[in-house]
There are 2 protein chains.
Amino acid sequence: MVSTQIELVSEQRCFGGWQRRYRHQSQVLDCEMIFAIFLPPQAAEQPVPVLWWLSGLTCNDENFVTKAGAQRLAARLGMAIVCPDTSPRGTDFPGEHDSYDFGSGAGFYVNALEAPWHAHYRMYDYVTDELPQLVRAHLPVSDQEAISGHSMGGHGALVCALRQPGRYASVSAFAPIVNPSDCPWGEKAFSGYLGDDRSAWAAYDTCALIERGDSRQPLFVDQGLADNFLDSQLRPERLRAVCERHQHPLELRLHDGYDHSYFFIATFIDDHLRYHAKHLGLIPDLES
Amino acid sequence: MVSTQIELVSEQRCFGGWQRRYRHQSQVLDCEMIFAIFLPPQAAEQPVPVLWWLSGLTCNDENFVTKAGAQRLAARLGMAIVCPDTSPRGTDFPGEHDSYDFGSGAGFYVNALEAPWHAHYRMYDYVTDELPQLVRAHLPVSDQEAISGHSMGGHGALVCALRQPGRYASVSAFAPIVNPSDCPWGEKAFSGYLGDDRSAWAAYDTCALIERGDSRQPLFVDQGLADNFLDSQLRPERLRAVCERHQHPLELRLHDGYDHSYFFIATFIDDHLRYHAKHLGLIPDLES
């Protein structure tokens, strides 16, 4: 049962629908949180499927909303898009705000095991359990879900889908961190949140989850080849290799010249929305 | 002759084209300036027509680029979009940075007459003369031009077009300040930049320019009816009245529920791009 209320922070008309921000008290994170939701015009008539968008390092609920240009097609497809924040807010642990890749803005969509983080940093439960319940209780979205994200959020989207076979109609990612157990961003985050016992890390590592083989969910991934983090952090060839080894369905598109920015996301977001619309059973948008 | 060089600040692939920022020394403004340009894929083959986008109060060259979502359709139409900054930068006159609606970020696209502003604040000449010459000298754009903008920039676009009959293939605006001589934003800016002699103000006032009747250029204007500045600053009914009185062609669309934000611009920018494409002789984009 969801007892928490949500409070409207702002609302703006957008492509015939509504772009809103809501504030609520998160029980899982034990702090006040804000999330964004785009409701397409169709939501005025009946509950609509929802795409969860998980953002990357340093982001909050607003980056995708203002920069990706996703509302245009989502309005035509009849798809809601929910953008959670990327970490708990309002806490002030020592060092929490010191670096862009750990602490605030960098929750990595894990349930932390280490003190002091475990008291608040439970973003996996927040985005897969508490927030979906809250959104469905208060807003006109159905229980049909898809999930996507960028970079740290691409990692989050892939992990959420692979850990819950059958839950999401589809999953996609832009420039995801596919093997956080073995890259600088992931090793810093996982050792901080999960501790030094690397056996706990596999539950949040896309490559390890595919290795484990619990899910056969197809993965749709876009990656820019001019991405500054390609070789140091992202390593899409590892995803390709593990998927080939386990015959896990993967569509990995590599794009010459595109970087890690929202210009890359904006360029290809419509392909992702159409992919999710197809799997959510929405009427395909034949134009554009 | 344009002797000034331009220096590439950043470049990102976007919808098959290139989103770039350039730095240059402005002779007209006597300071270093940055502008943004989107070059569509077609610009790799031949010079393309250019849409000038003039932004509103507090903006710089980046707001439209990151928030409007215009590159998608511009890439298909084969249209470059240049976004100048909204005021000189790097000067530090007393009070220049104290308010959001005067001084830096608020050049109002006029050539200032009053000291100390007249030494730098010559944004009309910058956006209509120096910058177009510079862009054409260094980048693959043709001499076919259209112009648009938002709020203060909508005012700027309308004024630039009405003062130069025949120059721009088309002009449009989002929530423009149509009568700056008689609204708080305009009176503050014009008295500061142009002085107390209101006869100098008419040259930069859309309603007054239509009254004068030098141009018959049709105006295409979108205005949201939930715009916080509708009654205090924008007053589209004045534009309608003067256009009716002088039989000046105007398409004024009023949109229920839309506000002054980039969500409003993003929703309707494609209509403006198609309007300009038609007048620029570009092949109409039949889909989407």
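Remember, predicted model here, so these are calculated numbers, not experimental data.

Bringing the packing of aromatic side chains into the picture now. All names here are of chain B. Summed over the entire model, instances satisfying the criterion amount to 41 aromatic pairs over all chains. An angle of 65° between the planes, with centres 5.1 Å apart, marks the rings of Tyr 258 and Phe 268 as edge-to-face. Here Tyr 258 is found in the loop between strand 9 (250-255) and helix 9 (262-279), whereas its partner Phe 268 is found in helix 9, with ten residues between them in sequence. The exposure class of Tyr 258 is buried, given its relative accessible area of 6%. Here Phe 268 falls in the buried class, since its relative accessible area comes to 11%. Above the ring of Tyr 124, the side-chain terminus of Arg 163 is found at 4.2 Å from the ring centroid. The aromatic ring of Tyr 204 is capped on one face by Arg 163, whose charged end is 4.6 Å from the ring centroid.

Looking now at the pairing of strand 8 (residues 219-224) of chain B. Regular strands place their side chains on alternate faces of the sheet. Residues and elements named next belong to chain B. Among the six residues in strand 8, six count as buried, and that is most of the element. Two strands pair when backbone bridges link them, and strand 7 (residues 171-174) and strand 8 are joined in this way by four bridges, in the parallel orientation. Across the sheet, the residue bridging to Val 171 is Leu 219, located in strand 8.

What follows concerns the pattern of salt bridges. All names here are of chain A. Applying the stated rule across the entire model yields 36 salt bridges over all chains. Note that Arg 235 and Glu 237 form a salt bridge whose closest N and O atoms lie 2.5 Å from each other. One salt-bridge network, held together by shared partners, links Glu 7, Arg 23 and Glu 32.

Glancing now at the side chain of Ser 172 of chain B. Residues and elements named next belong to chain B. Relative to the elements of secondary structure, Ser 172 occurs in strand 7. Take Ser 172: its relative accessible area is 0%, and that puts it in the buried class. Of note is the side chain of Ser 172, whose polar atom sits 2.8 Å from the side chain of His 272. When residues no more than four places from it in sequence are discounted, the contact partners of Ser 172 are Ile 147, Ser 148, Gly 149, Ala 157, Phe 220, His 272 and His 276.

This paragraph deals with unusual backbone geometry. Cis rather than trans, the peptide bond between Ala 115 of chain A and Pro 116 of chain A has omega equal to -5°. Note that Pro 116 of chain A resides in the loop between strand 5 (80-83) and helix 3 (123-138). For Asp 30 of chain A, which is not glycine, the phi dihedral falls at a positive 55°. For Asp 30 of chain A, the position within the fold is in the loop between strand 2 (17-26) and strand 3 (31-39). Of note, the phi angle at Thr 58 of chain B is positive, near 75°, even though the residue is not glycine. As for its position among the elements, Thr 58 of chain B is in the loop between strand 4 (48-54) and helix 1 (63-67). On the accessibility criterion, Thr 58 of chain B (54% relative accessible area) is exposed.

Let us look at the pairing of strand 1 (residues 6-14) of chain B. Residues and elements named next belong to chain B. Of the strand pairs in this sheet, strand 1 and strand 2 (residues 17-26) are connected by eight bridges, and their pairing is antiparallel. Looking at strand 2, one finds that Cys 14 is bridged to Gly 17. Hairpin geometry of strand 1 and strand 2 is characterised by an intervening segment of two residues between the two adjacent antiparallel strands and by a positive phi of about 50° at Phe 15.

For the rest of this paragraph, the subject is the relation of the copies chain B and chain A. Each copy superposes on the other: chain B lies on chain A with an RMSD of 0.0 Å after a rotation of 180° and an axial shift of 0.0 Å. The operation mapping one copy onto its partner corresponds to a two-fold rotation axis. Looking at the interface residues of chain B, 100% of them are also at the interface in chain A, so both copies use one shared face.

Residues and elements named next belong to chain B. Tracing the sequence through the fold places Glu 96 in the loop between strand 5 (80-83) and helix 3 (123-138). Residues Glu 96 and Trp 117 lie 21 residues apart in sequence; the distance between their C-alpha atoms is 9.3 Å. If we ignore the near neighbours within four places in the chain, the residues touching Glu 96 are Pro 88, Thr 91, Phe 102, Gly 103, Ser 104, Trp 117 and Tyr 121. A polar contact of 3.3 Å, which involves the side chain of Glu 96, links it to the backbone nitrogen of Asp 92. Of the polar contacts made by the side chain of Glu 96, one reaches the side chain of Tyr 121; its length is 2.5 Å.

Once that is clear, we can look at the state of the cysteines. Taken as a whole, this structure holds zero disulfides over all chains when the rule is applied. Note on Cys 31 of chain A: no disulfide assigned, nearest cysteine sulfur contributed by Cys 160 of chain A at a separation of 17 Å. Residue classification places Cys 31 of chain A among the buried residues on the basis of a relative accessible area of 6%. Cys 207 of chain B takes part in no disulfide bond, and the closest cysteine sulfur, belonging to Cys 243 of chain B, lies 7.4 Å away.

This next bit is on helix 5 (residues 184-194) of chain A. Residues and elements named next belong to chain A. The set of residues buried in helix 5 consists of Trp 185, Gly 186, Ala 189, Phe 190, Gly 192, Tyr 193 and Leu 194. Looking straight down helix 5, one finds its buried side chains confined to an arc of 165°; they lie on one side. Lining the buried residues of helix 5 we find helix 4 (152-163) and helix 7 (230-234). Two residues or fewer after helix 5 comes Gly 195, characterised by a positive phi angle close to 95°.

On average, residues of chain A carry a pLDDT of 96, and 97% of them reach 70 or more. Predicted complex, confidence summary: ipTM 0.93, pTM 0.95.

Let us now look at the packing of helix 3 of chain A against helix 4 of chain A. All names here are of chain A. Look at helix 3 against helix 4: their axes get within 11 Å of each other, and the N-to-C directions meet at 65°. As for how helix 3 packs across helix 4, the hand of that crossing is right-handed. Contact residues: helix 3 offers Tyr 124, Val 127 and Thr 128, while helix 4 offers Val 159, Cys 160 and Arg 163. Here the residues of the contact of helix 3 with helix 4 sort into four nonpolar, one polar and one charged.

The rules behind these values
Residues numbered from 1 in each chain as written. Chains lettered and ligands numbered in written order. Predicted model: local features only at pLDDT ≥ 70, side-chain atom pairs only at ≥ 80, totals over all residues. Heavy atoms only, no water. Phe/Tyr/Trp six-rings, centres within 6.5 Å; stacked < 30°, edge-to-face > 60°. Helix = DSSP H or I, 4+ residues; strand = E, 2+ residues; numbered from the N terminus. Buried < 20%, exposed > 50% of the residue type's maximum accessible area, 1.4 Å probe, protein only. Lys NZ or Arg CZ within 6 Å of the ring centre and 35° of its normal. Pairing = 2+ DSSP bridges. Salt bridge = Lys/Arg side-chain N within 4 Å of Asp/Glu carboxyl O. Polar contact = N/O pair within 3.5 Å; in protein donor to acceptor, adjacent residues only side chain to side chain. Contact = heavy atoms within 4.5 Å. Least-squares fit on C-alpha atoms with pLDDT ≥ 70 in both. Disulfide = S-S within 2.5 Å. Arc of directions from axis to C-beta. pLDDT = per-residue confidence, 0-100. Axes fitted to C-alpha atoms, helices over the stretch in contact; angles between N-to-C directions. Left-handed = near helix turned anticlockwise from the far one by under 90°. Nonpolar A, V, L, I, M, F, W, Y, C, P; charged D, E, K, R; others polar.

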